[in-house]
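Read off the chains here:
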Amino acid sequence: MKELALLTGASSGIGLEMAKELAAKKIDLVLVARRGEILVDLKAELENKHGIKVYTFAKDLSDPANAMALFHDVKDLQLQVTMLINNAGFGGYGNFVETSLEEELSMIQVNISSLVALTKLFLPDMIQQNHGRIMNIASLLSFLPFPYYSVYSASKAFVLSFSETLRTELEGTNITVTALCPGPVDTAFNTSEMLQTNAYDANKPMDPQIVAKKGIGYMLAGKGTKIIGLMNWFIANMPRFSPRWLTLKITKHLASRKK
């Protein structure tokens, strides 16, 4: 079966590097992002360099209708998606009482609702073919609550839990679900406020190319939950070795701005 990977959030950061990594492996692509003009240039680059076929869709997944619209657009082209990478997502930093409700509802829509919708829509065809790979981009913050990232860390905890339960339901099939859990990554995700916190001194952002390469390797190998980086593994496992009150005290210190 010819492999076809659908990748959301493909215009920058980890998603852009994953698109390049998949293209180098001669895997055809369906690339999705808000900024269609960037995807057009990326399509030409990857097709010319690697001799693959690339389809692009400009969709803002913070709009609840767009996950379904994307699915129908793909089906209208009679494309059979064999790999789904739910990479689109964004975060925010600040005291919850002061942050934007509109932005946080959009964050929940992109990080959770559209991810669930795309998985629900594309999974039945994978089951019918008994062949498929799903990778959801979770986070180091999936494992522990992080003050000042309240909605983001909660949304990524959902992604991790959803991925692991879905993987268990699919045992016995030839469909795997990978939850990729990077820590800080050197992308536009990081705002100036985030970069001024203790966490970025203690745990330097990783190169997105490294994260993408490891992530694609894990997905193709059918791995489950994978944390990238030794420091991130240690932080993720901190709740196993310390009481919850102490974990929260440590994460609040890390998330606080440097004095």
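All of these numbers come straight from a predicted model, not from anything done at the bench. (Residues numbered from 1 in each chain as written. Predicted model: local features only at pLDDT ≥ 70, side-chain atom pairs only at ≥ 80, totals over all residues. Heavy atoms only, no water.)

(A) Representation of the environment of Ile235. Secondary-structure assignment places Ile235 in helix α9 (residues 230–236). Between the C-alpha atom of Ile235 and that of Phe158, which follows or precedes it by 77 residues, the distance is 18 Å. (Helix = DSSP H or I, 4+ residues; strand = E, 2+ residues; numbered from the N terminus.)

(B) Focus on a nonpolar patch on the surface. Residues Leu230, Met231, Trp233 and Phe234 make up a contiguous nonpolar surface patch of about 470 Å² in total accessible area. Structurally, the position occupied by Phe234 is in helix α9. (Patch = residues over 30% accessible without salt bridge, like charges linked within 9 Å, V, L, I, M, F, W, Y side chains within 5 Å. Areas by Shrake-Rupley, 256 points an atom, 1.4 Å probe, with all protein chains shown as cover. Salt bridge = Lys/Arg side-chain N within 4 Å of Asp/Glu carboxyl O.)

(C) Inspection of the layout of surface pockets at higher detail. If you add up the space inside the largest pocket, you get close to 1200 Å³. As for the largest pocket, its lining consists of 50 residues, of which Gly89, Phe90, Gly91, Thr187 and Phe189 are closest to the centre. Elements supplying a minimum of two residues to the lining of the largest pocket: α1 (13–24), β2 (28–33), α4 (101–129), α5 (150–169), α7 (198–202) and α9. A breakdown of the residues in the lining of the largest pocket according to their chemical character gives 26 nonpolar, 17 polar and seven charged. (1 Å grid on protein atoms, 1.4 Å probe; cavity = no way out; pocket = protein on both sides within 12 Å on 5 of 7 lines; lining within 4 Å. Points joined across faces, edges and corners; volume = space filled by probe spheres on them. Nonpolar A, V, L, I, M, F, W, Y, C, P; charged D, E, K, R; others polar.)

(D) Spatial organisation of empty space enclosed by the protein. Taken as a whole and judged by the stated rule, the model has one cavity of 30 Å³ or more. Estimated volume of the largest cavity: approximately 30 Å³. As for the largest cavity, its lining consists of Thr8, Leu61, Asn86, Ala88, Val110, Ser114, Leu115 and Leu118. Sort the elements by how many residues they give to the lining of the largest cavity and α4 lands first, with four residues. Among the residues forming the lining of the largest cavity, the class breakdown is five nonpolar, three polar and no charged.

(E) Region of interest: helix α8 (residues 208–220). Under the 1.5 Å per step criterion, the end-to-end length of α8 is 18 Å for 13 residues, consistent within 8% with the ideal 18 Å. If you check the start of α8, you find a side-chain oxygen 2.8 Å away from the backbone N of Gln209, and it comes from Asp207. Directly after α8, the chain includes Gly222, whose backbone phi takes a positive value near 75°. (Expected span 1.5 Å × (residues − 1). Polar contact = N/O pair within 3.5 Å; in protein donor to acceptor, adjacent residues only side chain to side chain.)

(F) How the structure looks around the packing of aromatic side chains. Under the counting rule described, the total for this entry stands at six aromatic pairs. Considering the side-chain rings of Phe71 and Phe122, the 5.1 Å spacing of their centres and the 80° angle between planes classify their relative orientation as edge-to-face. Here the residue Phe71 occupies a position in helix α3 (residues 66–76), and Phe122 occupies one in helix α4, the gap between them amounting to 51 residues. Considered together, Phe71 and Phe122 belong to a single accessibility category, that of buried residues. (Phe/Tyr/Trp six-rings, centres within 6.5 Å; stacked < 30°, edge-to-face > 60°. Buried < 20%, exposed > 50% of the residue type's maximum accessible area, 1.4 Å probe, protein only.)

(G) Main features of the side chain of Ser142. Note on placement: Ser142 falls in the loop between β5 (132–137) and α5. Engagement of the side chain of Ser142 in a polar contact is seen with the backbone oxygen of Lys156, the distance being 2.8 Å.

(H) Quick peek at the nonpolar core. One finds Leu6, Val30, Val74, Phe122 and Tyr149 to be the most contacted residues of the largest nonpolar core, which totals 50 residues. Sort the elements by how many residues they give to this core and α4 lands first, with eight residues. With residues near it in sequence (within four places) discarded, Phe122 still touches Leu6, Phe71, Val74, Val81 and Leu84. Ranked by size, the runner-up nonpolar core spans 31 residues in total, among them Leu16, Met18, Leu46 and Ile228. (Core = buried A, V, L, I, M, F, W, Y, C linked by side-chain atoms within 4.5 Å. Contact = heavy atoms within 4.5 Å.)

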